[in-house]
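Now for the letters of each chain:
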Amino acid sequence: MAVVKPEMKSYIWLQTVDGSIHQVEEEVAMFCPMICQEVLQTGMGSSKTCAISLPHHVNPAILDMILDYCRFHQVPGHSNKELKLFNEKFVRIDTKKLCELTSAADSLQLKPLVDLTSRALARIIEGKTPEEIRETFHLPDDLTEEEKLEPLRNITDDPRIRLLNRLYARKRKELQERKKPKDVAVEEEPKDERSVEDLLSFINGADGEIKGTRANKNKKKNRRKDQTKDLSSKNANENNKGLNLLPSAYHNVNFDKALEASSSKHSRMQTLPDVNFSPKFEFIDGDVDDDLDPAVKEELDREVEDFARRLNSDWPERMQILSLGQGRRLVPISVNGNGSTHLYTSLCYFLGLDHYVCVEGEELQLSS
Amino acid sequence: MVDVMGPDLISDLPQSIIESILVQLPIRDAVRTSILSSKWRYKWALITQLVFDDKCVPFSNDREVVEMSVVKFITRVLFLHQGPIHKFQITNSKLQSCPEIDQWILFLSRNDIKELVMELGEGEFFRIPSSLFNCRKLTRLELSRCELDPPHSFKGFVCLRSLNLHQVLISPDAVESLISRCPLLESLSLSYFDNLALTISAPNLKYLYLEGEFKDICLEDTPLLVEISIAMYMTDDIAEHFEQSSNCNFLKFLGGVPNLEKLVGLIYFTKYLSIGIDSVHLPIMYHNLETIELYQVNFEDTKEIFVILRMITSSPNLKELQISGSSNIPVAVDAPDLDFWEKGCLLDSALNKLKTMKLSEMGGWPHEIEFIKYLLCRSPVLETLSIIPCVFDMENNLKMLIELVKCRRASSRAEVIFIHE
């Protein structure tokens, strides 16, 4: 009578979050660093009664998958091709399972598997539109339109970031402006109402004809040279509305204001060539134009290129003009940002000047 | 919203996994995740690896436009980024020297940069700012087409393990001092240097890759070297220098690398080693050397053949040998010195581990044939000998084949494969 000896194999006992106990071959289980550590440090897992509790991310179905992975990979001698094939097949699962697998692998400290699943998730995300990504992963679309356009809230309280954000917001508004029919003067809701009021009262209504004609503004240039920054901010809305109406004169005026040039230079300002300063300055975040459809984006890109080329062709003249103003604080580019600011900052940028970022704290007090 | 679709699958994963996912995305896609949902707004800003390649901005035919958008993009990303940046890589062929680079490197030096790779486009070399030398935690540095000028007070990168300089303008002293001041250096790669006489002192160095016009290479203190690959180009200066040299280059170069596992030599390397080789008896054995690859060997020069034989016989555990001849068809040589092969100074020991041999650019010249015969007789476990002729000349190849067929073989399993395509 032959006695059949049971196979002398070692097992490790694991317990998943739902309470069920699983018996796993030792070499397979020990492939997971977390389990290995538990066994070596606490001696648990050697029998049913002292099964190792697995982290809560690991449910039985996922555990089976992970063990399959371990079972394959812990055997030495697989060719690179075999490994690659196995791995590719392994991650051909639905997104939900993939995420669960990633989470579980991470809690078991199985880094190669985490890398593999992360790469698979990255491949899913790559090239998709935001809507598609949200749908795939069930992400709530809980950013407001403004938030989507304004890249990042400044959570480190860095004034420069705040400036940048405001500039973005302004630009976004201008972009939206463009989308609307051109001959409609849209009433723009300024971002910082409070500050505009402040400025208005500060200026004491001197140039209170905010909606005045361009001719008026030209005349009042000289008086304004000390109030450049306020004017810039005050004109926040102006710019947006006016852009489509009288481009050349308008731009000359704003350019002049932005530079805080002395009166003697005003005449020179007037002779600036009539460049079509499109409000869409790619310089800041053309790259994050994700919610615009491709046709608009292309148009934007083309316009920016155009603009850049034109700017660069007028380099010597502009250089001269700008350098005259450099001694002063050109910086009163207001925190509120507006068309003229954009104009100036983009010019600065294209010309390699860094002034636009050098906004000091005091400017910021104007706005919230 | 959430109820209809189902629970959020991914936003609550730990940042380490999110980072793992985001760094495997192109940087543009990673940054765009900021508009997915409120939880995702800043996830991208915490990633510790930033890689900017040729695809990070939209394509345009105008290089300057692309350069501008790349510069803007990188500046913006750095500006909005939070937290440490461990890896920063720019490999963009449209970007050339521009002033913003200084600012970027300064920024990185304040953010715990560990791996820095800058490979810009062809054009003006940019000058590395001194802020690079303040990056104390640097473990990997890879630079292409730039000027590097370490300050006198520079004490070295104490954590640097990998250094790769390609077409970098730097004075020879500065290079040597840079190498010797990085005590943990394990991998060194210098390419396209002109007229450099280099002494390398790096006690932890394991991998060495050199390519360029080297007058002289001395491995002074590199006991842990495991893999060497050298491509030595020739200029008239160097040729002259070679002729006048009285050193034994073999000793100078390979004298202190007992742990060597793989040696690859290209272009004039074998010639370089051949200088002074007669004069010394070489006691060194390379017990770990398993792979030798020597290219552009001039079989007409018996000294070069001697180099190969010396190398082979000093490597009892050699498994793989690849030799490539010069494709220069020699001018008719009067009787080649075949006595060379008869001389007893060549060791008679067998190559007991040699399994694979590949000989390419073979012209069928007498020395080559003798070489093959010599090896076939002494490799009892040889499995494959591949021969690739350098000219598709039927008659020449036929002559070669006839000679080969006559060779005695020590290994009964040896397959001689003549590749004639």
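Residues numbered from 1 in each chain as written. Chains lettered and ligands numbered in written order. Predicted model: local features only at pLDDT ≥ 70, side-chain atom pairs only at ≥ 80, totals over all residues. Heavy atoms only, no water.

## Thoughts on the overall build of chain B
Helix and strand content of chain B: 13 helices and 15 strands. Here chain B, with 421 residues, has 51% of them falling under the buried criterion. When contacts within chain B are restricted to residue pairs at least 6 apart in sequence, those whose partners lie at least 24 apart make up 66%. Within the structure as shown, chain B displays about 18600 Å² of accessible surface, and the carbon and sulfur contribution to it stands at 50%. (Helix = DSSP H or I, 4+ residues; strand = E, 2+ residues; numbered from the N terminus. Buried < 20%, exposed > 50% of the residue type's maximum accessible area, 1.4 Å probe, protein only. Contact = heavy atoms within 4.5 Å. Areas by Shrake-Rupley, 256 points an atom, 1.4 Å probe, with all protein chains shown as cover.)

## Overview of the packing of helix α6 (residues 111-125) of chain A against helix α2 (residues 15-22) of chain B
α2(B) packs onto α6(A) with a crossing angle of 60 degrees between their chain directions and a minimal axis gap of 8 Å. Our classification of the angle between α6(A) and α2(B) gives oblique. Viewed along their axes, α6(A) and α2(B) form a crossing whose handedness is right-handed. Packed against α6(A), whose contacting residues are Val114(A), Asp115(A), Ser118(A), Leu121(A), Ala122(A) and Ile125(A), the element α2(B) presents Ile17(B), Ser20(B) and Ile21(B) at the interface. Its residues assigned to classes, the contact of α6(A) with α2(B) comprises six nonpolar, two polar and one charged. (Axes fitted to C-alpha atoms, helices over the stretch in contact; angles between N-to-C directions. Parallel < 35°, antiparallel > 145°, perpendicular 65-115°, else oblique. Left-handed = near helix turned anticlockwise from the far one by under 90°. Nonpolar A, V, L, I, M, F, W, Y, C, P; charged D, E, K, R; others polar.)

## With respect to the UniProt feature "domain: SKP1 component dimerisation" (unreviewed entry) in chain A
Using the residue numbers shown here, the UniProt feature "domain: SKP1 component dimerisation" (unreviewed entry) corresponds to residues 111-148 of chain A. In residues 111-148 of chain A, the share of helix is 71% and the share of strand is 0%. The end C-alpha atoms are 34 Å apart. (UniProt positions renumbered as here; feature names shortened; annotations may be inferred.)

## Structural notes on a negative patch on the surface
A cluster of like negative charges, contributed by Asp236(B), Asp237(B), Glu240(B) and Glu243(B), occupies part of the molecular surface. With respect to the element layout, Glu240(B) can be found in helix α7 (residues 236-244). (Patch = residues over 30% accessible without salt bridge, like charges linked within 9 Å, V, L, I, M, F, W, Y side chains within 5 Å. Salt bridge = Lys/Arg side-chain N within 4 Å of Asp/Glu carboxyl O. Lys, Arg positive; Asp, Glu negative; His and termini not counted. Charge placed at Lys NZ, Arg CZ, Asp CG, Glu CD.)

## Some points on the environment of Leu143(B)
Residue and element names in this part refer to chain B. Topologically, Leu143 is positioned in strand β5 (residues 140-147). Leu143 sits in the buried class, given a relative accessible area of 0%. The spatial distance from the C-alpha of Leu143 to the C-alpha of Ile90 is 9.9 Å, given a sequence separation of 53 residues. Among all residues touching Leu143, those that are not within four sequence positions of it are Met118, Ile128, Leu132, Leu148, Asn164, Leu165, His166 and Val168.

## Observations concerning a nonpolar patch on the surface
Residues Leu398(B), Leu401(B) and Ile402(B) make up a contiguous nonpolar surface patch of about 260 Å² in total accessible area. Relative to the assigned elements, Leu398(B) resides in helix α13 (residues 394-406).

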